[in-house]
Amino acid sequence: MKQKLLAWLVHLYTASGLVAAAGMAFFLVRGDADGFRWVISLMVLATFIDATDGTLARRWKVKEVLPGFDGRRLDDIVDFQTYTSLPLLFIWRAGVLPESWSWFLLLPLLASAYGFSQSNAKTEDHYFVGFPSYWNVVAIYLYWLQPPVWISLVAIGVLSLLTFVPSLYLYTSYKGPFSRLTNWLLLIWTVLLVLILAGVFDHPQPWIWLSVGFPVYYFTLSWWITLRRWMA
């Protein structure tokens, strides 16, 4: 009974990402600058939940204790909301793209649906295959940095297409290559985002640019690994 209770608590922890998603939807409807700050905060919270629930599930052997309940399916339901549909809605609601280009957001939406539906979305040696739908990260930085429209369109288009390319991306929830270094950098990055959102810095823009370093590191290292595999 104790093991079953712990297993259900882990599933409840995963499902709490849907509570974060509901909060994101509420503040997106509100649609003001303070609401958008809360949206980003809840994106970060949902990402933290997703980054830690798998470790808890393996620790308490949830799959063995509750074989009739599919935690991976629950995780995918939550992730599609918090990584794809709501971040893309945020890009539209925050006016990152002109109204005439809003239709372009259908491209990452459909690409992400393809990515989530792949049975081989993860390799046995712990990599994601294809761009892993980190549209929450894309949405945050497009909103914060406000690049020219053409740069936003190119970024969204290229990342959508990379969903279909069999490239490898770090999956650090497991003890895969570079996982320890990446997880430490991920922790620092998360703390920095929290400090920015909490308004600790009088001039946050330099810190926002500093925080870009982690996504650049992640993407560059992933593609270095990909190119080595392709050449081999």
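A short tour of the structure in this document, coming up. Keep in mind it's a predicted model, so treat the numbers as computed, not measured.

Looking only at helices and strands, the protein chain features 10 helices and two strands. Sequence-ordered secondary structure for the protein chain, helices as α and strands as β, is α-α-α-α-α-β-α-α-β-α-α-α. Against the compact-globule benchmark of 17 Å for 232 residues, the protein chain has a radius of gyration of 18 Å, which places it among compact chains. Along the first, second and third principal axes, the C-alpha atoms of the protein chain reach 55 × 45 × 35 Å. Here the protein chain holds 232 residues, and 42% of them are scored as buried. Within the protein chain, contacts between residues at least 6 apart in sequence are counted, and of these 80% link residues at least 24 apart. Only carbon and sulfur atoms are counted for the fraction: they give 69% of the accessible area of the protein chain, which is about 13,000 Å². Charge centroids of the protein chain, computed over 16 positive and 13 negative side chains, lie 9 Å from each other.

Along the chain, L195 turns up in helix α8 (residues 179-197). With a relative accessible area of 32%, L195 lands in the partly exposed category. Excluding anything up to four places from it in sequence, L195 contacts V200 and F201.

Here the focus is the side chain of S112. Along the chain, S112 turns up in helix α5 (residues 106-117). S112 has contacts with F80, T84, S133 and W135, leaving out every residue within four places of it along the chain.

Cut-off values and rules
Here the residue numbering is sequential within each chain, running from 1 through the sequence in written order. For a predicted model such as this one, the threshold for reporting local features is a pLDDT of at least 70, and the threshold for listing and counting side-chain atom pairs is 80 or more; totals across whole chains, interfaces and linings nevertheless cover every residue. Excluding hydrogens and water, the side-chain figures rest on all heavy atoms present in the structure. Every helix listed is a DSSP run of H or I at least four residues long, and every strand listed is a run of E at least two residues long, numbered separately from the N terminus. Atoms counted for the radius of gyration: C-alpha only. Globule rule: 2.2 Å times residue count to the power 0.38. Only protein chains enter the area calculation, which uses a 1.4 Å probe; residues under 20% of their type maximum are buried, those over 50% are exposed, and those in between are partly exposed. By definition in these notes, contact holds between two residues if any of their heavy atoms fall within 4.5 Å. Shrake-Rupley sampling with a 1.4 Å probe provides the accessible areas, and residues are treated as covered by the protein chains on show and by no other component. A residue counts as positive if it is Lys or Arg and as negative if it is Asp or Glu; His and the chain ends are not included. For this purpose, a charge sits on NZ of Lys, CZ of Arg, CG of Asp or CD of Glu.

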